[in-house]
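Observations on chain architecture
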Amino acid sequence: LPNEFEKARPVMQKIEKAGFEAYFVGGSVRDTILGGKIHDVDIASSAYPQEIKSLFNHTVDTGIEHGTVMVLHNKKGYEITTFRTESGYQDYRRPDKVTFVRSLSEDLKRRDFTINAFAMRENGEVTDLFNGLEDMHNHLIRAVGNPSERFNEDALRMMRAVRFASKLDFDIESNTLEAIHKHSKLLSKIAIERIYTEFVKMMMAKRPKQGLLDMVKTDMYKYIPVFGDHRDDLISISKLNNLKLNSEIEVWSLISFAFQLDSEQIHHLLKKWKASNDVIKQTEMCCAAINHLQKNDLNKWQMYETGIDLLLAANHIASFYGFDVSDEQLINDYDALTIKSKKELAINGGILIKNGICKPGPQLGNILFELEHLVVQGKVDNQTEVLMQEAKKI
Ligand code: ATP
Ligand code: MG
């Protein structure tokens, strides 16, 4: 058993001792069986939230309305969720009602894919009600139960299928794939924030090529903001070699570059996806840098404004198209900049005012901006005296 599971065993044993069942469930069991790294440990139990709370001294109500209580054990938190069924799926979204049940099989039945529906006892014994082990062996993502029904219940599962196919380098089983194709339109009913999370995870996973092709093949792309107009661009991304993305910004920058969007269009795309203002701003900056790399006209000011992290992200995207420079060169060029931020400028508004060079007001900002430009471009030394003289000329 992985270390994370070993550490959780006393918690599980205590629940079992009290006469309830407790299992590791979800992604951590899947990833353990696959022999990969696990991140969050999810535990499911027949005990109701109040019963869990009465068993342990230190608990936090992290999601008590869905049946989740966090138990603190040896400075670690373990989320324990009561077995539940879901009902009242409306508008193809998440259920509005969860019902706690005592039966493990009821809980496993509501899960999305066979490989996500294992349960593992603290002693390592695996429950596999839907032949998930066989699907795992055959590298297949297969819906639990009737795929059409399951996608009608919650259309996000279609995105999740694509995401896990990309993450695990598995294929979507043919009936499941067919059902996705048939119901792809239901994606338009899903809150964009949920699609966003799955899409970015898919793109950052091992095999985004396949994920994108699956989205095209099943028509899912048609029901995702802005993507509908870019079928050929999505296919062209899927043809890039060694595609591996390291951040959300790289994902959006690649999409924006491949769609040939200008700044305004990037803004429009990402607003539709309800991205944060920070993500929008960084994507715009990164894309601008990609365009400069392509034209081979990246200047000092642009490097300064963009910052090294986004420059490296831009260079990484450029590498898929073959117009990147070496990271080393980029880092050297960046390091050679006289200043890296405004704070390093040897002058500020206070100094200009105190020396009677400028009065407070809008002009002050213009002068400082001009000085910042001159210093970054290496036209003037970054020395207070020199900059004061220069300011008088502006
Ligand atoms: P990851 O390693 O990316 O976290 P995960 O399998 O743990 O993958 P989560 O989104 O954390 O994925 O969900 C945990 C588990 O909850 C899943 O393994 C699955 O059993 C179940 N699940 C999550 N979302 C859904 C859904 N929309 N429909 C059905 N079951 C779901
Ligand atoms: Mg998880």
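Remember, it's a predicted structure, so these values are computed and weren't measured experimentally.

1. What about the overall build of the protein?
Helix and strand counts for the protein come out as 20 helices and 11 strands. Compactness check: the protein gives a C-alpha radius of gyration of 27 Å against a globular reference of 21 Å for 394 residues, more than 25% above the reference. Of all 394 residues assigned to the protein, the portion counted as buried reaches 38%. Put simply, 62% of the contacts in the protein that link residues at least 6 apart link residues at least 24 apart.

2. Some words on the nonpolar core
One finds Ile43, Ala289 and Ala314 to be the most contacted residues of the largest nonpolar core, which totals 101 residues. Among the elements that line this core, the one with the most residues is helix 7 (residues 156-168), at eight residues. Apart from residues lying up to four places away in sequence, isoleucine 43 is in contact with Ala8, Met12, Ala22, Tyr23, Phe24, Tyr78, Glu79 and Ile80.

3. Quick notes on the site of ligand 1
Inspection of the region around ligand 1 gives Gly26, Gly27, Asp42, Arg111, Asp112, Asn116, Ala117, Asp154, Leu156 and Arg157 as its neighbouring residues. Along the lines of polarity and charge, the residues of the shell around ligand 1 split into two nonpolar, three polar and five charged. When residues of the shell around ligand 1 are sorted by domain, at least three fall in each of domain 1 (1-132) and domain 2 (139-239).

4. Some details on the sheet that holds strand 9 (residues 126-127)
Across the sheet, seven strands lie side by side as 3-4-5-2-1-8-9; this open sheet has mixed pairing. Each end of this open sheet is capped by a strand with a single partner; those strands are strand 3 (59-63) and strand 9. Sheet topology places strand 8 (residues 119-120) next to strand 9; two bridges connect them, and they run antiparallel. Its bridge partner lying in strand 9, alanine 119 is registered against threonine 127.

5. Let's talk about the environment of tyrosine 334
Mapping tyrosine 334 onto the fold places it in helix 17 (residues 327-335). Judged by the 17 C-beta atoms lying within 10 Å of it, tyrosine 334 is partly exposed.

6. A word on the confidence of the model for the protein
Of the residues in the protein, 98% reach a pLDDT of 70 or more, and the chain-wide mean stands at 95. The complex prediction reports pTM at 0.92, with the ipTM value standing at 0.98.

7. Some remarks on the UniProt feature "domain: CCA-adding enzyme C-terminal" (unreviewed entry) in the protein
The feature "domain: CCA-adding enzyme C-terminal" (unreviewed entry), as given by UniProt, occupies residues 244-390 in the numbering adopted here. Summarising residues 244-390: 67% helix, 0% strand, and an end-to-end C-alpha distance of 47 Å.

8. Some details on the environment of glycine 350
If you trace the backbone, glycine 350 turns up in helix 18 (residues 349-354). In this structure glycine 350 comes out as exposed when scored by C-beta crowding, with 10 C-beta atoms within 10 Å.

9. Remarks on the packing of helix 7 against helix 9 (residues 192-204)
Between helix 7 and helix 9, the shortest axis-to-axis distance is 8 Å and the interhelical angle comes to 15°. When the interaxial angle is binned, helix 7 and helix 9 end up roughly parallel. For the element pair helix 7 and helix 9, the recorded crossing hand is left-handed. Every residue of helix 9 that contacts helix 7 at Leu156, Met159, Arg160, Val162, Arg163 and Ser166 is listed here: Arg194, Ile195, Glu198, Phe199, Lys201 and Met202. Residue composition of the contact of helix 7 with helix 9, by class: six nonpolar, one polar and five charged.

10. A closer look at the pairing of strand 2 (residues 42-45)
In this structure, strand 1 (residues 22-25) lies alongside strand 2, joined through four bridges in antiparallel fashion. Residue tyrosine 23 lies in a different strand from strand 2, and its bridge partner there is alanine 44. The pairing of strand 2 with strand 5 (residues 76-82) spans four bridges and is classified as parallel. Bridged to aspartate 42 within strand 5 is glutamate 79.

11. Regarding helix 1 (residues 3-17)
The end-to-end C-alpha separation of helix 1 is 22 Å, in line with the 21 Å expected for 15 residues at 1.5 Å each. Of all the bends in helix 1, the greatest, near 40°, is centred on arginine 9, and the proline proline 10 appears no more than four residues after it. Among all positions of helix 1, only Ala8, Val11, Met12 and Ile15 are buried. Here the buried face of helix 1 lies against strand 1, strand 2, helix 3 (49-55), strand 4 (68-73) and strand 5. Two residues or fewer past helix 1, glycine 19 is found with a positive phi of approximately 95°.

Cut-offs and rules
- Within each chain, residue numbers correspond to sequence positions counted from 1 in written order.
- Written order determines the labels here, with chains lettered from A and ligands numbered from 1.
- For this predicted model, a pLDDT threshold of at least 70 governs which residues receive local features, and a threshold of 80 or more governs which side-chain atom pairs are given and counted, while totals over whole chains, interfaces and linings are taken from all residues.
- Comment: elements are numbered from the N terminus, with helices defined as DSSP H or I runs of at least four residues and strands as E runs of at least two.
- Note that the radius of gyration is over C-alpha atoms, with the globule rule given as 2.2 Å times the number of residues to the power 0.38.
- Burial is judged by counting other C-beta atoms within 10 Å of a residue's own C-beta: 20 or more means buried, 12 or fewer means exposed, and anything between counts as partly exposed, with every C-beta placed from the backbone.
- In this description, a residue-residue contact is defined by the distance between C-beta atoms placed from the backbone, which must lie within 7 Å.
- Here, a nonpolar core denotes buried Ala, Val, Leu, Ile, Met, Phe, Trp, Tyr and Cys residues that are linked to one another through C-beta atoms within 7 Å.
- Note on definitions: a residue is near a molecule or strand provided its C-beta atom, placed from the backbone, lies within 6 Å of it.
- Throughout, the ten residues Ala, Val, Leu, Ile, Met, Phe, Trp, Tyr, Cys and Pro are labelled nonpolar, Asp, Glu, Lys and Arg are labelled charged, and all others, Gly among them, are labelled polar.
- By convention here, the domain bounds are inherited from an automatic or database domain assignment.
- The pairing criterion for strands is at least two bridges between them, as found by DSSP.
- The predictor reports its confidence for every residue as pLDDT, a score running from 0 up to 100.
- UniProt positions are given in the numbering used here, feature names are shortened, and annotations may be inferred rather than shown by experiment.
- To obtain an axis, a line is fitted to C-alpha atoms, over the contacting stretch when the element is a helix, and the angle between two such axes runs from 0 to 180 degrees between their N-to-C directions.
- Oblique is the label for every angle not falling under 35 degrees (roughly parallel), over 145 degrees (roughly antiparallel), or within 65 to 115 degrees (roughly perpendicular).
- In a left-handed crossing the near helix is turned counterclockwise from the far helix by less than a right angle, and in a right-handed crossing that turn is clockwise.
- A helix is expected to span 1.5 Å multiplied by its residue count minus one.
- Here the bend at a residue means the angle between the axes of two seven-residue stretches, the one that ends at it and the one that starts at it.

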